[in-house]
Structures are given as structure tokens and as C-alpha cells.
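Each chain, letter by letter, is given below.
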There are 2 protein chains.
Amino acid sequence: MTLAQSVLSGDRLSLARLLTHVENETIEGQQALEALFAHTGQAHLIGVTGAPGTGKSSLVNQVALSFRNLGKRVAIVAIDPSSPFTGGAVLGDRVRMRDLSGDPGVFIRSMASRGSLGGLAQATAGVVQVFDAAGFEIILIETVGAGQSEVDIARLAHTTLVIEAPGLGDDIQAIKAGILEIADILVINKADRPGVESTERALKSMLDLAHPVPKIFQHHGQTMLVDAPGASAPKPLLWMTPIQRTVATDGTGLPGLIESIQAHAEHLRQSGEWLTRERARLEAEFDLSIQQRLVARFRASVPESRLDEMLESIQNRKISPREAVNVLLKGSGV
Amino acid sequence: MTLAQSVLSGDRLSLARLLTHVENETIEGQQALEALFAHTGQAHLIGVTGAPGTGKSSLVNQVALSFRNLGKRVAIVAIDPSSPFTGGAVLGDRVRMRDLSGDPGVFIRSMASRGSLGGLAQATAGVVQVFDAAGFEIILIETVGAGQSEVDIARLAHTTLVIEAPGLGDDIQAIKAGILEIADILVINKADRPGVESTERALKSMLDLAHPVPKIFQHHGQTMLVDAPGASAPKPLLWMTPIQRTVATDGTGLPGLIESIQAHAEHLRQSGEWLTRERARLEAEFDLSIQQRLVARFRASVPESRLDEMLESIQNRKISPREAVNVLLKGSGV
């Protein structure tokens, strides 16, 4: 049985092994991903992002538990910027294990930051595909911070949760602005803390600024436009980002949050947006594949010494990087 | 006179125009960058990063003022994740203007987050090159957050400052770990706040864990190993990340911070590390150029309809992205 087959058959150890292969970008990992591709496209991918101090990890655990109680198999992919020497990823897993350990319907994977630009987003996409093929119906992708890479990773998801908390630092405001645009659901966690009202007001006014609300009926973020009189059911049209208050430490607000997540999935399916997002994601993956293949072929066609020579000339400012590429492409025959 | 020539002659308006071209990746911007390349490589690039709430922007302003007082021309590139609709970038500039306005030796440029992966890092590299060619001796690159993109942008710099502050949120600790590795100088800003001792202790122990300190003499972070008796001067060997306390709002600690920055530049030059970093940066730029050129050539060789067909098959899980690339490369003749 191949590694891919073992994963499809539900073997947990094979799953763990394959995830490591995919993270390390081995040939074996690539082959298994190929074999599994036809089995992907079933899972609901949920991105969870937000600034430090918002209690993201606890909330992700609670969301996972809630979906488990609904009978769903849940995978958590935690993007952890901790470096190897602090063991941050390992510690994170251990803390989570207390709540979710021993449950075969849950699988948690922490991923450390990668050296190369885009490397993390790519490895994450691979890991998510493996979980998808392995039959995890809910995949939670948790990122720390609000940088470009978090936005890129959020783009993987069907539904993106942005977590806020009352009373965080002074330039949080600036960060919110950039991240608001990717939020399908806004969560104010630690909602038992002082300042929750003003946080909610601030978020609401930012949302209003971004998306003026038409006169329509809202239910858990799903915006319904009541059709002509006698219409059988209201139709979903636009998604108006809802704001959900939660207290992850005691589970307050979780049922409402889960309903919103499910309403968003429903909205995506009915509006056709699910397929649009799916397509955009696959297109990005396809583009990356093209790029990698072309670069590899080019590298193989140019001797290392010639590349070194060019770099030397670039460093001495005799030739610009673009000119150097021109020269190499002419000579390479690729 | 070409745009590049106007910029070299010191015309501020042309500089502003060229920066916009470079940010928008226009042909005119590309051509000017080509023309300016030979004039780059002079500036000291200083990356400044850290979590929200650390007072980064005020500190960057103070560092800029300090270098102005030393007679240096200073550019600030502020990477701002704010979205267009909040006008965060504009506001940021206006606040800064109070301190630095009217000084022709200072130029501030805010850059908004970009849509594409790596887009921001690339645009930032271009903007930095323009400032370098235009004769700005100190270029401060300020990023918000601690994501992968911040790390990528920090890699542009010769010297990276990581800003902390006492008493920030609970998962700050995890972020620190990842970002510590890129820090050449650690700054505890808002050092007049309670908790500064424990923040410094925590940072010190993390540094010790990462880099055990050999028995050597330290001066402003520059580690000297005192040679055999009678040696004329101690030689720089390793850089031991120093921790500097500052209070940006009143300038406390700034002289020490500036000395450390200068000591780091000196260390880089004497150890040969300056050239190594320069080379790594140019190599990355070169790689990106190759990649973009190859992809553009490939795209031009494949009809749009053929690409759409392939994407359709990928979406239907009939073919994987990698297989699709194989098929296209065989047929493309590229």
C-alpha cells in the first residue's frame, strides 16, 4: 500500500508521516499529494487570524470542540512563528492536547515559519490538501499576526475569522483596517473584559465605512433580500460580516459563532462563491507550479559557475539583475 | 533629462514621482530602476520591526532625527498594512510630518499592503534602491507585526532592530522567538513603564539560549576578542545582540541606540558580513527577475483559452496542478 493509500484508509501514523514529508517538500510527499489530489475539495477551510493577545488559540480549540460535538472530523493547522530553539510549536501542541487529546476525530499540526518567501503558504496548502483528502470535514488554519503572509494564508480558506479583543495596544487600529477586508466573521474574544462596547462600536463603524448596509434582513450574517410578496424563501445575496462576542475560556458565545460559520458556508454554496474561491485557490497553486518548474529547468540549463560570474558582476554594479537575466536567457537555450 | 537623471540631480518632485512608478510597477519605473542600479549600494539599510503597541513609529522618528543631527540624509519607508479606505498611510505621514516636516534631508514614504504574495517585498526593494541611488545615507524600513513578510522585508536590511515594550499581551512571547533570530539590536521601548526589568530578563534569557556568550569583551554589541598580549587592537568577531532601553516620546536612550547601530555597521564592514548580506540580497532580486521573466514568456506562449481549459480540469479534479503544468510545458515549445 502506498503512503497515499494508507492515509486514505484512515491510518493516523501514515497521516503524520505524510504531513512531515509535505512540510519538508520531499519527492515522496509530492507524489502522495499528486495521488491524493482527486480526493480533495470536500473540506470547509476556516482561517483564523488576529493580533497577539486576542486568545486565538483557545478560541480555535473551542471551535474545534464545538464541531466535534456536531460529529465533524476536525484538523487544526497552527502556523507558528516560533523558532526551533524555543520549542514553541511543541509547547503549543502540548497545551492543546489537554482538551483534545485521545480524540481520533481531531488532528493538530503546528507548522514553523519557513525560510523562503511564500514557502510557508505553500507548505500550508499542501498540509491542508492532505487533511482534506484524509476526510477531515473542518480544517482550522490558525495564523498569528496580521502580516502579508497571514493574508495569503487566509486566502486559502473558505471562511476567515478575524479575532479581536478589548483594550489592546495603540496601533492595533491600523492593523485592523488591513485585516478587516479579509474577515468573513469578526470575533471579539475576551468579551467579558472592560472596553468590549467600544471595541464593538469601533469595529461596527469600520465595517459600515467599508460596506454600507442596504435595507435587508440579516440572519447570522447571511443577508437575505425578501423577494416579491409570496416568495417561498428569502435568497442569500450579500454577506454582511457579523460581529460575534465570545469568551473562549468558558465557551460563552460559541454556539452563535458556530452558527455564523455554518451560515457562511451555506452562503458561499448558494451564491456560487464557494466555487469562485475554490477556483482562485487552485489557480494560485497552478501558477506556483508553473513558476517552480520553469525556474528549475532554467537552473539546470545554466552552469553554476556562470551564475556566480553574473552575481559577481551584479554585486560590482557592472550589470543590473534584469540585464543579467537577459544575458543568461539568450545563452541558455531554454 | 530622464526621470532617473532628475532623481540623481536631487529633485524632490521627481523622486516622489519615481517612487510612485516603482510602487505601481510601471515600465517607466522599471527603466529608471535599471538606470539607477549602478548608483546603489551606498546606503545603510536599517529594518525596524516589532509587535503592535511597542511605539515603533515614534522610535523610527527619533532615530531619523538623531541621524539628521549627525548630518546624514534619512529616508523612511513605512510598510503600512492599512487599507486604502481608512487612509491609515496618509494619517501616519501627517503625524510624522510634525517632527520632520520642512527638512529637505528627510523623505518619508508609506507603502500599503499589496495583493500579491511577495509583491510588497519587491516593491519595497525597489523603493529602497531609489532612495539609495538618490543619496539617502540612512534608510529606515519600518514594518508592523512579525509575520513572514516582515521577516522577508527585514532581510533587505543590513541592520535589523526588533522593538519590544514592557507588559504586552500573552502570546507576544511566541512571536518574540521567531523574530529574535533576525534581531541585530533589541530595543525595549517605553522603558519608563512597569515591567521593564522582567521584559529585559526574559529577552536576555532567550538570547542566552540562542547564543551562549563566550568569554569576550563587549562594547555596544560589538564583540571583541582580545588577541595575544601586545595586540594593537581587539578584533571584531561575533555580533552579540545588545538590548537597548529607550523612551521614544522623550528621547531617552537614543544616543546609546544610535551608537549600537553605528557599531553594527562597523562590525558588518570589518567582518565582511556587509558584502555577504549585500550579495544575498542581490541574489534574491536576481532570482525573482529570472522567475518573472520565465513566467511572462510562458504565459505569452500559451493561449488564454488553453489555460482556462486546464483550470477547469483542475477544478473538476480530473488533473492535478502539477500534471497540468507537465501537459502545458510539453505543448508550449518554450
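Residues numbered from 1 in each chain as written. Chains lettered and ligands numbered in written order. Predicted model: local features only at pLDDT ≥ 70, side-chain atom pairs only at ≥ 80, totals over all residues.

### Re the overall build of chain A
Working step 1: Counting its regular elements, chain A contains 13 helices and 10 strands.
Working step 2: Expressed as a percentage of its 334 residues, the buried residues of chain A come to 45%.
Working step 3: The contacts of chain A with a sequence gap of at least 6 include a subset with a gap of at least 24, amounting to 71%. (Helix = DSSP H or I, 4+ residues; strand = E, 2+ residues; numbered from the N terminus. Buried ≥ 20, exposed ≤ 12 C-beta atoms within 10 Å, placed from the backbone. Contact = placed C-beta atoms within 7 Å.)

### Notes on the packing of helix H11 (residues 273–301) of chain A against helix H11 (residues 273–301) of chain B
Working step 1: It is the contact of H11(A) with H11(B), at a shortest axis distance of 9 Å, that shows an interaxial angle of 110 degrees. Between H11(A) and H11(B), the angle is such that the two are roughly perpendicular. The chirality of how H11(A) crosses H11(B) is right-handed. Along the contact surface, H11(A) presents Ile290(A), Gln291(A), Leu294(A), Val295(A) and Phe298(A), while H11(B) presents Ile290(B), Gln291(B), Leu294(B), Val295(B) and Phe298(B).
Working step 2: Its residues placed into classes, the contact of H11(A) with H11(B) shows 8 nonpolar, 2 polar and no charged. (Axes fitted to C-alpha atoms, helices over the stretch in contact; angles between N-to-C directions. Parallel < 35°, antiparallel > 145°, perpendicular 65-115°, else oblique. Left-handed = near helix turned anticlockwise from the far one by under 90°. Nonpolar A, V, L, I, M, F, W, Y, C, P; charged D, E, K, R; others polar.)

### Here's the deal with the confidence of the model for chain A
Residues and elements named next belong to chain A.
Working step 1: In the predicted model, chain A carries a mean pLDDT of 80, and 74% of its residues have values of at least 70.
Working step 2: Note on residues 213–218: pLDDT is under 50 here. Beyond four places in sequence and across chains, it has 10 contacts.
Working step 3: Between residues 224–236, whose pLDDT stays under 50, and residues either more than four places distant or in other chains, the model counts 21 contacts.
Working step 4: In the predicted assembly, ipTM is 0.72 and pTM is 0.68. (pLDDT = per-residue confidence, 0-100.)

### Considerations on the environment of Asn24(A)
Working step 1: Along the chain, Asn24(A) turns up in the loop between helix H2 (12–23) and helix H3 (27–36).
Working step 2: The spatial distance from the C-alpha of Asn24(A) to the C-alpha of Ala123(A) is 8.1 Å, given a sequence separation of 99 residues.

### Comments concerning H11(A)
An α-helical segment advances 3.6 residues per turn. Residues three or four places apart therefore align on the same side.
Working step 1: When the terminal C-alpha atoms of H11(A) are compared, their 42 Å separation across 29 residues agrees well with the 42 Å that a helix rising 1.5 Å per residue should span.
Working step 2: Among the residues making up H11(A), those that are buried are Leu282(A), Glu285(A), Phe286(A), Ser289(A), Ile290(A) and Leu294(A). (Expected span 1.5 Å × (residues − 1).)

### Observations concerning the pairing of strand E6 (residues 185–188) of chain B
Residues and elements named next belong to chain B.
Working step 1: Taking every second residue as pointing to the same face, both faces of E6 are buried, with Ile-185 and Val-187 on one and Leu-186 and Ile-188 on the other.
Working step 2: Two elements, strand E5 (residues 159–164) and E6, share 4 bridges in a ladder whose sense is parallel. By the bridge assignment, Ile-163 is partnered in E6 with Val-187.
Working step 3: Relative to strand E10 (residues 243–245), E6 runs parallel, the two being bridged by 3 bridges. Within E10, the residue paired with Leu-186 across the bridge is Ile-243. (Pairing = 2+ DSSP bridges.)

### Observations concerning unusual backbone geometry
Working step 1: At Glu25(A), a residue that is not glycine, the phi angle is positive and equals roughly 55 degrees.
Working step 2: Residue position: Glu25(A) is located in the loop between H2 and H3.

### Brief notes about the environment of Gly10(A)
Residue and element names in this part refer to chain A.
Working step 1: Tracing the sequence through the fold places Gly-10 in the loop between helix H1 (3–8) and H2.
Working step 2: Judged by local crowding, Gly-10 falls into the exposed class, with 12 C-beta atoms found within 10 Å.
Working step 3: Sequence separation of Gly-10 and Ala-134 is 124 residues, and the distance between their C-alpha atoms is 6.7 Å.

### A short note on the pairing of E5(B)
Residues and elements named next belong to chain B.
Working step 1: Among the 6 residues that make up E5, 6 are buried, leaving the element largely enclosed by the rest of the structure.
Working step 2: Neither face of E5 is open: one carries Thr-159, Leu-161 and Ile-163, the other Thr-160, Val-162 and Glu-164, and all of them are buried.
Working step 3: Relative to E5, strand E1 (residues 44–50) is paired through 5 bridges, and the arrangement is parallel. Among the inter-strand pairings, Ile-46 is bridged to a residue of E5, identified as Thr-159.

### Focus: the packing of helix H10 (residues 254–271) of chain A against H11(A)
Residues and elements named next belong to chain A.
Working step 1: Relative orientation of the contacting elements H10 and H11 amounts to 90 degrees, with a least axis distance of 5 Å. One finds that H10 runs roughly perpendicular with respect to H11. Between H10 and H11, the residues in contact are Leu-268, Arg-269 and Ser-271 and Glu-273, Trp-274 and Arg-277, respectively.
Working step 2: For the contact of H10 with H11, a count of residues per class yields 2 nonpolar, 1 polar and 3 charged.

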